[in-house]
Amino acid sequence: MAGRKQTQRSAQRRVRVEAPFRSYAPERHGAPRFSIRIVERTQRLYPAHKHDYFQVLYFMSAAPTLRIGLASHRPKAGSIYFVAPMVSHQIRFDQGTRCIVLYFDLDFLHPGLSRSYPISELVRLLPELTPFAWQNYVDFNARRKQADRIESLITSMNRENDKGGLFAQEMMRAELSLLLATVCRDHEAEFARLSTRLPAVGRDSGHMRRISAFIEDNYLRGPGLEEAAKAVGLSRSRFCALIRQYTGSTFNLLIRDMRMEDACERLVLTGDSIGQIAYRVGYNDEKYFLRAFKNAVGMTPSAYRLKQAKAKGAFTEDQAS
């Protein structure tokens, strides 16, 4: 009886940490959403979250690591990222970041097509949405001529959004379609090559969507392999094989690396204590977190924070000179 009560108390203390459905966009108020804004001189860490609209991030400078689904990216000038609806993602900005954030509803891009479709089906209906399906398999860093075209379209959309008035929405819709089509044309050969073997529209797409969703929602609490495989309806061996095939990693290493990456960014972008960071990335034992961090990163959290602070200070001095 005592053992059962202890188990019940342990279960009550176990916190399920998931990527919440959270929107950082204004409410719809009945109209299709579209917005475009410039982010600069802002230091902020947006925790893992999901939303029901499409988001495009265009970086005009280097920025801290961001994650879309299971993949991590380090933005540089000319990087562009496509976040599909209900895909978990984390975004970080620091004081040196310059980024255009653009988001839109499906019915803004294509009035009348407001039904919820899987991204693979949307790509067939609206081919210009292809970058959202292949986000983590294609490097969308724009070369100079591509960046000039993208920035020209973004500047025009931003201007129309600011001034409003008659036909502003039609102009922004046309420019958004042209932006997406331009990116598609620049990467058409890559899309064709990848479409024969990757899971976005292939035979493993359903499995990988469920695996990605489970890991994105649960990695902070450190789920076990058996639980994860059961949750997505696969055998342990099949589950491990798919992760290896599509991420090049193992389940446990993927979970660890995602948590350590979160910890690294929190060390740089927040003033949280080591213990607070350990707890927020899923470690209840600070000593265990210290060992795990040193094994993964090669130094202690305090040393990492100090090293990054010195590097940032040197970068700021270079900018000032």
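Quick caveat, the model's predicted, so the values are computed rather than measured.

A. Representation of the packing of aromatic side chains. This structure, assessed with the given rule, holds 17 aromatic pairs. An angle of 85 degrees between the planes, with centres 6.0 Å apart, marks the rings of Y46 and F93 as edge-to-face. Here F93 lies in strand β7 (residues 89–93) and Y46 lies in strand β2 (residues 44–49), a separation of 47 residues in the sequence. Here Y46 matches F93 in class, with each residue buried. Taking the centre distance of 5.3 Å and the plane angle of 75 degrees together, the rings of F82 and F132 count as edge-to-face.

B. Structural view of the sheet that holds strand β3 (residues 54–59). Strand order in the open sheet made by the 4 strands is β1-β8-β3-β6, with antiparallel pairing throughout. Each edge of the sheet is formed by a strand with only one pairing partner; in this case those strands are β1 (34–40) and β6 (80–83). Taking each pair of neighbouring strands and ignoring which way they run, the sheet shows an average axis angle of 15 degrees. Here β1 runs beside strand β8 (residues 98–104); their pairing, made up of 7 bridges, is antiparallel. Opposite I38, over in β8, you have I100 as the bridge partner.

C. View of the sheet that holds strand β5 (residues 71–73). Read from one edge of the open sheet, 4 strands run β2-β7-β4-β5, paired in antiparallel fashion. Two strands close off the open sheet at either side, each with one partner strand: β2 and β5. Direction aside, the axes of adjacent strands within the sheet are offset by 20 degrees on average. As judged from the 2 bridges shared by strand β4 (residues 66–68) and β7, these two strands associate in the antiparallel manner. The residue bridging I68 from the neighbouring strand is H89, located in β7. Set on the sheet, helix α11 (residues 251–269) makes contact with β2, β4, β5 and β7; between it and β7 the angle comes to about 25 degrees.

D. Highlighting the nonpolar core. In this structure, F34, L102, F104, L129, F132 and L176 are the most contacted members of the largest nonpolar core, which totals 39 residues. Judged by nonpolar contacts, the second largest core, of 33 residues, contains I215, L225, I274 and A292.

E. Here's a closer look at the confidence of the model for the protein. For the protein, per-residue confidence averages 83 on the pLDDT scale, and 83% of positions sit at 70 or higher. Predicted confidence is poor over residues 1–17, with pLDDT under 50, and the contacts of this stretch with residues over four places away or in other chains come to 7 contacts. Under a pLDDT of 50 for its full length, residues 315–321 has, in the predicted model, 0 contacts with residues more than four places off or in other chains.

F. Examining a nonpolar patch on the surface more closely. A grouping of L166, F167 and M171 is seen on the molecular surface, where their side chains present a nonpolar patch of about 370 Å² in accessible area. Among the structural elements, L166 can be located in the loop between α5 (144–163) and α6 (168–186).

G. View of the pattern of salt bridges. Applying the stated criterion to the full structure yields 16 salt bridges. One salt bridge connects R33 with D52, and the closest N-O pair in it is separated by 2.6 Å. Here the residue R33 occupies a position in the loop between α1 (2–13) and β1, and D52 occupies one in the loop between β2 and β3, the gap between them amounting to 19 residues. Classification of R33 as buried rests on a relative accessible area of 9%.

H. Broad picture of the side chain of R259. Examined against the element boundaries, R259 turns out to sit in helix α11. Buried within the structure, R259 lacks any salt-bridge partner; D262 is the closest side chain of opposite charge, at an N-O distance of 8.0 Å. Residues in contact with R259, not counting those within four places in the same chain, are Y219, L220, R221, G222, V281, G282 and Y283.

I. How the structure looks around helix α13 (residues 286–297). Counted at 1.5 Å a residue, the expected span for α13 with its 12 residues is 16 Å, and the 16 Å between its end C-alpha atoms agrees. Inspection of α13 places F289, A292 and F293 among the buried residues, and these make up the whole buried set. For α13, the angular spread of the buried residues around the axis is 100 degrees, confining them to a single face. Structural note: α13 exposes K287 and N295 on the side pointing more than 90 degrees away from its buried face. Looking at where α13 begins, the residue whose side-chain oxygen comes 2.9 Å from the main-chain nitrogen of K287 is D285.

Parameters at a glance
Residues numbered from 1 in each chain as written. Predicted model: local features only at pLDDT ≥ 70, side-chain atom pairs only at ≥ 80, totals over all residues. Heavy atoms only, no water. Phe/Tyr/Trp six-rings, centres within 6.5 Å; stacked < 30°, edge-to-face > 60°. Helix = DSSP H or I, 4+ residues; strand = E, 2+ residues; numbered from the N terminus. Buried < 20%, exposed > 50% of the residue type's maximum accessible area, 1.4 Å probe, protein only. Pairing = 2+ DSSP bridges. Axes fitted to C-alpha atoms, helices over the stretch in contact; angles between N-to-C directions. Contact = heavy atoms within 4.5 Å. Core = buried A, V, L, I, M, F, W, Y, C linked by side-chain atoms within 4.5 Å. pLDDT = per-residue confidence, 0-100. Patch = residues over 30% accessible without salt bridge, like charges linked within 9 Å, V, L, I, M, F, W, Y side chains within 5 Å. Areas by Shrake-Rupley, 256 points an atom, 1.4 Å probe, with all protein chains shown as cover. Salt bridge = Lys/Arg side-chain N within 4 Å of Asp/Glu carboxyl O. Lys, Arg positive; Asp, Glu negative; His and termini not counted. Expected span 1.5 Å × (residues − 1). Arc of directions from axis to C-beta. Polar contact = N/O pair within 3.5 Å; in protein donor to acceptor, adjacent residues only side chain to side chain.

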